[in-house]
Amino acid sequence: MPEVRWPLLVLAAILIAALALVAWAWIRRTRVRKRLPARHAPRLRHPIVLAHGVLGFDEIAVAGRRHRYFRNIADRLGSLGAEFHHPRVPGTATVAVRAGRLVELVRDLPGERVNVIAHSMGGLDARYAIARLGLAERVASLVTIGAPHRGTPLAEFSLSRATAKMLRLAALADLTPQALERFNREVPDAADVAYCSVVGWTRLSHTNPLLWPTHAYLSVRSGPNDGLVPASSQRWGKVLREVQADHWAQVGWSLGFDAIALYEEILRELVGLGF
């Protein structure tokens, strides 16, 4: 009996230590942020529209607290003076449908122009809205983060297609490499809009465990990736940053990556470009 219990006790001790380490890291990070002196967010000429990706949302409740898709980004930088808008488009629809809704929402905003920061499929929605639906006159700049501009092999995977059919996930068909070849031919960049991108990738050990299977698959197929999109697919226009952040960390859903600092850097870049 003691021989059986000993490994269990060791395993329990390791788990408790790991949980304690995570809790300590969270508390320390929170305290450090509270001690940081207040700063002013970069003053942009135009407000910021945050465009979410597939299965995205504007706000959800988790453990009794409300969180946005771009977690804590607008709350932190908005309190320092930046202006954000959070349009919600159909989470599972095609690019054309999502882009149509994005156009409606942006046209309802005050002011002449906006800067769009778009994550994942939101980058394709914005490009389509700008090039095909007349939104170019309202958009000064588009910054895409982790966007599949050249598709992702995950969309071709048979299990992915079966899951998409079951969930009525029409968006998946627009995310294959073949679909993006056509998309890039038919959706040219607008001359009066500045296109920029942020490229994210991680090592497996620094990726959310829920993304390990897809990360491993993409590593074999496409090389460096963020768990859902190959790094080689994410570059479009001027590359502002390459960051070690998985697909979810890029929008603030991680303890190990400071997404707020990334978005502050993006705003500073846009200020430098005159937007």
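In this text, all values refer to a predicted model and were calculated from it rather than measured experimentally.

Participant: For this particular structure, what's the right way to read unusual backbone geometry?
Facilitator: Residues apart from glycine generally show negative phi values, whereas peptide bonds are mostly found in trans. Positive phi, normally seen in glycine, also occurs at Asn-72, with a value near 70 degrees. Secondary-structure assignment places Asn-72 in the loop between strand S3 (65–68) and helix H2 (73–78). Note on Asn-72: relative accessible area 28%, which makes it partly exposed. Although it is not a glycine, Ser-120 sits at a positive phi angle of roughly 55 degrees.

Participant: I'm lost on the packing of aromatic side chains in this one. Help?
Facilitator: To describe a pair of aromatic rings, one takes the distance between the centres and the angle between the planes. According to the stated counting rule, one finds three aromatic pairs in the structure shown. Each ring, one from Phe-70 and one from Tyr-263, has its centre 6.2 Å from the other, and the planes form 85 degrees; the classification is edge-to-face. Taken together, the positions of Phe-70 in the loop between S3 and H2 and Tyr-263 in helix H9 (residues 259–272) put the pair 193 residues apart, joining distant regions of the chain. Each member of the aromatic cluster is reached from another via a ring pair, and the members are Tyr-69, Phe-70 and Tyr-263. Directly above the aromatic system of Trp-253 lies the positively charged group of Arg-71, at a separation of 5.0 Å from the ring centroid.

Participant: Quick question: what am I supposed to make of the environment of Glu-112 here?
Facilitator: Looking at the secondary structure, you find Glu-112 in the loop between helix H3 (95–107) and strand S5 (114–119). For the pair formed by Glu-112 and His-46, sequence separation is 66 residues and the distance between their alpha carbons is 8.2 Å. Residues contacting Glu-112, with those up to four places away along its chain left out, are Glu-137 and Arg-138.

Participant: Is there a simple way to think about the pairing of S5 in this case?
Facilitator: In summary, the side chains of a regular strand alternate between the two faces of the sheet. Of all six residues in S5, six are buried, a share of seventy percent or more. On S5, burial covers both faces: Val-114, Val-116 and Ala-118 on one face and Asn-115, Ile-117 and His-119 on the other are all buried. Relative to S5, strand S1 (residues 48–51) is paired through four bridges, and the arrangement is parallel. Each bridged residue has a counterpart across the sheet, and for Ala-51 the counterpart in S5 is Ala-118.

Participant: Would you take a moment to explain the sheet that holds strand S4 (residues 84–85) for this structure?
Facilitator: Taking strand neighbours across the sheet as the criterion, the six strands line up as S4-S1-S5-S6-S7-S8 in an open arrangement whose pairing is parallel. If you trace the sheet from one side to the other, it starts and ends with S4 and strand S8 (238–244), each paired once. Here S5 runs beside strand S6 (residues 139–145); their pairing, made up of six bridges, is parallel. Paired with Val-114 across the strands is Val-139, a residue of S6. Here H9 sits on the sheet and contacts S1, S4, S5, S6, strand S7 (194–201) and S8; the angle it forms with S8, its principal contact strand, is near 165 degrees.

Participant: Explain the environment of Tyr-263 here, please?
Facilitator: Given the relative accessible area of 1%, Tyr-263 is considered buried. Measuring from C-alpha to C-alpha, the distance between Tyr-263 and Gly-252 comes to 9.9 Å, with 11 residues separating the pair along the chain. Those residues in contact with Tyr-263 that lie beyond four places of it in its chain are Phe-70, Ile-73, Leu-77, Ile-117, Ile-145, Gln-250 and Val-251.

Participant: How should the pairing of S1 be read in this particular structure?
Facilitator: Side chains of S1 alternate between two faces, with Ile-48 and Leu-50 and Val-49 and Ala-51 buried alike. Note that S1 and S4 share two bridges and pair parallel. When the bridges of S4 are listed, Ile-48 appears paired with Phe-84.

Each value, and the rule that gives it
- Residues numbered from 1 in each chain as written.
- Predicted model: local features only at pLDDT ≥ 70, side-chain atom pairs only at ≥ 80, totals over all residues.
- Heavy atoms only, no water.
- Helix = DSSP H or I, 4+ residues; strand = E, 2+ residues; numbered from the N terminus.
- Buried < 20%, exposed > 50% of the residue type's maximum accessible area, 1.4 Å probe, protein only.
- Phe/Tyr/Trp six-rings, centres within 6.5 Å; stacked < 30°, edge-to-face > 60°.
- Lys NZ or Arg CZ within 6 Å of the ring centre and 35° of its normal.
- Contact = heavy atoms within 4.5 Å.
- Pairing = 2+ DSSP bridges.
- Axes fitted to C-alpha atoms, helices over the stretch in contact; angles between N-to-C directions.

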